[in-house]
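# Inside the fold
One-letter residues, chain by chain:
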Amino acid sequence: MPDQPDPFEILGLEPDGHPPAHSSPGPRSPAPSSTAVDEGYDDGAGYDDPSVEAGDWDDDGGEYVHLSAGAGRGGGRRWGLVLLGFLVVIVLLVGVAAVWVKGQVDPGSPGEEVSFVVPTGSTTSDIATMLADKRIITNATVFEWYLKVKREDPQFQAGEYEGMRVNSSMGDVVDILKAGPAPPRDVTFLVREGLWESETRQLILDTFPGIDPAALDAALTGTHPALQPQGSTDLEGFLFPATYEVPEAQTSDAQALVNQMVAAFDAVSSQTGLPDATAKLQGVAGSRQITPYQALIVASLVEAEAKVPEDRPKIARVIYNRLKEGMTLGIDATVLYAIGERTDSLTQSQLATDSPYNTRVKAGLPPTPINSPGRASIDAALNPAEGDWLYYVLTDTDGRHYFTDSYSDFQRAVNDAQDRGVF
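Scope of this entry: the structure provided in the associated data block. Just so we're clear, the structure is a prediction, and the values are computed from it rather than from any experiment. (Residues numbered from 1 in each chain as written. Predicted model: local features only at pLDDT ≥ 70, side-chain atom pairs only at ≥ 80, totals over all residues. Heavy atoms only, no water.)

### Overview of the environment of Glu248
Relative to the assigned elements, Glu248 resides in the loop between strand S4 (243–247) and helix H9 (254–272). Glu248 sits 60 residues away from Thr188 along the chain, and the two C-alpha atoms are 9.9 Å apart. For Glu248, the residues in contact, after removing those within four places along its chain, are Glu160, Arg185 and Asp186. (Helix = DSSP H or I, 4+ residues; strand = E, 2+ residues; numbered from the N terminus. Contact = heavy atoms within 4.5 Å.)

### Section: the nonpolar core
Core analysis: the largest hydrophobic core is formed by 63 residues, its most contacted members being Phe189, Ile319 and Tyr320. At the level of elements, helix H7 (197–207), helix H8 (213–222), S4, H9, helix H11 (292–305), helix H12 (312–325), helix H13 (332–339) and helix H15 (375–382) are the ones that each hand at least two residues to this core. Once residues within four sequence positions are removed from consideration, Ile319 is found in contact with Val298, Leu301, Val302, Leu329, Ile331 and Leu365. (Core = buried A, V, L, I, M, F, W, Y, C linked by side-chain atoms within 4.5 Å. Buried < 20%, exposed > 50% of the residue type's maximum accessible area, 1.4 Å probe, protein only.)

### Describing the packing of helix H4 (residues 124–133) against helix H5 (residues 140–150)
Across the interface, H4 lies against H5 with an axial gap of 8 Å and an inter-helix angle of 135°. Comparing the axis directions of H4 and H5 gives the class oblique. In the packing of H4 onto H5, the handedness of the crossing is right-handed. Contacts between H4 and H5 involve Thr124, Ser125, Ala128, Thr129, Leu131 and Ala132 on the former and, on the latter, Ala140, Phe143, Glu144 and Leu147. The residue makeup of the contact of H4 with H5, split by class, is six nonpolar, three polar and one charged. (Axes fitted to C-alpha atoms, helices over the stretch in contact; angles between N-to-C directions. Parallel < 35°, antiparallel > 145°, perpendicular 65-115°, else oblique. Left-handed = near helix turned anticlockwise from the far one by under 90°. Nonpolar A, V, L, I, M, F, W, Y, C, P; charged D, E, K, R; others polar.)

### Some points on the environment of Val361
Relative to the elements of secondary structure, Val361 occurs in the loop between helix H14 (348–351) and H15. Separated by 10 residues in sequence, Val361 and Leu351 place their C-alpha atoms 8.3 Å apart. Non-local contacts of Val361, meaning those with residues more than four positions away in its chain, are made with Leu351 and Thr353.

### Some thoughts on the side chain of Glu305
Checked against the element boundaries, Glu305 lands in helix H11. Summary of buried charges: Glu305 has no salt-bridge partner, and the nearest side chain of opposite charge, Lys307, is 5.6 Å away. A distance of 2.8 Å separates a polar atom in the side chain of Glu305 from a polar atom in the side chain of Tyr392. In contact with Glu305, not counting residues within four places along its chain, are Ile315, Ile331, Ala333, Tyr392 and His401. (Lys, Arg positive; Asp, Glu negative; His and termini not counted. Salt bridge = Lys/Arg side-chain N within 4 Å of Asp/Glu carboxyl O. Polar contact = N/O pair within 3.5 Å; in protein donor to acceptor, adjacent residues only side chain to side chain.)

### Re unusual backbone geometry
Despite not being glycine, Arg135 has its phi angle at roughly 65°, a positive value. Along the chain, Arg135 falls in the loop between H4 and H5.

### Some words on the pairing of strand S5 (residues 391–394)
Note that S5 and strand S6 (residues 401–404) share four bridges and pair antiparallel. Following the sheet pairing, Tyr392 is matched in S6 by Phe403. What sits between the antiparallel neighbours S5 and S6 is a turn of six residues, in which Gly399 has the positive phi angle 100°. (Pairing = 2+ DSSP bridges.)

### Quick notes on the layout of surface pockets
By volume, the largest pocket is sized at about 1,200 Å³. Around the largest pocket, the lining is made up of 36 residues, and of these Glu305, Ile331, Asp332, Ala333 and His401 lie nearest the centre. Sorting the residues of the lining of the largest pocket by element identifies H11, H12, H13, S5 and helix H16 (407–419) as the ones contributing at least two each. Examining the composition of the lining of the largest pocket, we find that four residues originate from one element, S5, more than from any other. Considered class by class, the residues forming the lining of the largest pocket number 20 nonpolar, seven polar and nine charged. (1 Å grid on protein atoms, 1.4 Å probe; cavity = no way out; pocket = protein on both sides within 12 Å on 5 of 7 lines; lining within 4 Å. Points joined across faces, edges and corners; volume = space filled by probe spheres on them.)

### What to know about the packing of aromatic side chains
For the coordinates displayed, the defined rule picks out 11 aromatic pairs. Seen in terms of ring centroids, Trp196 and Tyr337 are 5.7 Å apart; in terms of plane orientation they differ by 90°. Their pairing is edge-to-face. Residue Trp196 is located in the loop between strand S3 (186–190) and H7, and its partner Tyr337 is located in helix H13; the two are separated by 141 residues in the primary sequence. Across the pair, exposure class does not vary: Trp196 and Tyr337 are buried alike. Centroid distance Tyr391 to Phe410: 5.3 Å. Interplanar angle 25°. Geometry classified as stacked. Of this pair, Tyr391 sits in strand S5 while Phe410 is found in helix H16, placing the two residues 19 residues apart along the sequence. The burial state of Tyr391 is the same as that of Phe410; both residues are buried. Taken together, the ring pairs connect Phe189, Phe208 and Tyr244 into an aromatic cluster. (Phe/Tyr/Trp six-rings, centres within 6.5 Å; stacked < 30°, edge-to-face > 60°.)

Listed below in structure tokens is the structure:
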């Protein structure tokens, strides 16, 4: 008997009377086996059949879901997150680097001022390194790049710069460098009137530690002013007393310093007429001719004895009058020079010192000046006051002297001054 059609199949029903899970109004394809169904699912998310494309319609008008599209979206999302994380890291690194560079360029509040000198021939790299060593800037390499970025001219001048401070901003440092070094500093050096050459020598060494004593001695003996006697190496009297401004670059140059002092003497000598002393002093010491060098010796004696300006030309006249009379000068300052000691009182043995400088026992002028006379004393030696005085004695505590041509009057004045406690 031929097979009879199953009534449930004819009606499109499952044996339990319900429509099939994939029903459609048209003809339906045979249902896949349970094995096919198992292989068509990938962890329940959809079909994993590469032959089926999303959007394809089956013969029953149904639409398949393309499984591979769903997998692609998940992978793209993961790569997007990785890329985003990478970009975030890059941004953070750039930000940290920017903060670090800013701190190097401008570290904040500047500290104490420090000296800074650019030696001759220094390169930009040398200057950057020196700035970093002094802690004026934080980083030499960053400074060099800063100059390049700012397109600053790296040709900075050699010299000493003022205003450099620890932890300065690089912009401030560049401004100071562009402004150029400070003008060379001068060292003030005062040489008082009446100093012996030995005292001036020690003053030079005390003031300028960079000067070598041997070099100074060579300069003192090797320099020859025009008025110095032939063959003499003694600069006593030629180191003019004045206030000198010595360039810092010459503070270790002994010869330059001696030249400066002798040049000052030459200038004053010319201004006062010292080279013409013989003509100016014709007859002032009788038949004795006074040379310019001898007039300088007289000026040094005046410098040692006079205490007030008005006494200088009078003391000069006493010296010339005594030379004219052939008398000893009797000036104690020459005895002090002879013994090389400054003291307020002299002993009898000191007064009797056998020295060509001891004018108590030797007639005439000492062989050289006994100090460095100033302009006023040189003027007085060239222009002595008119008078017949042969003696003078200190008469008051202000330094004034009493002048007389009488020895008895002189002795009376000495006793009077002693009674009044002047000396």
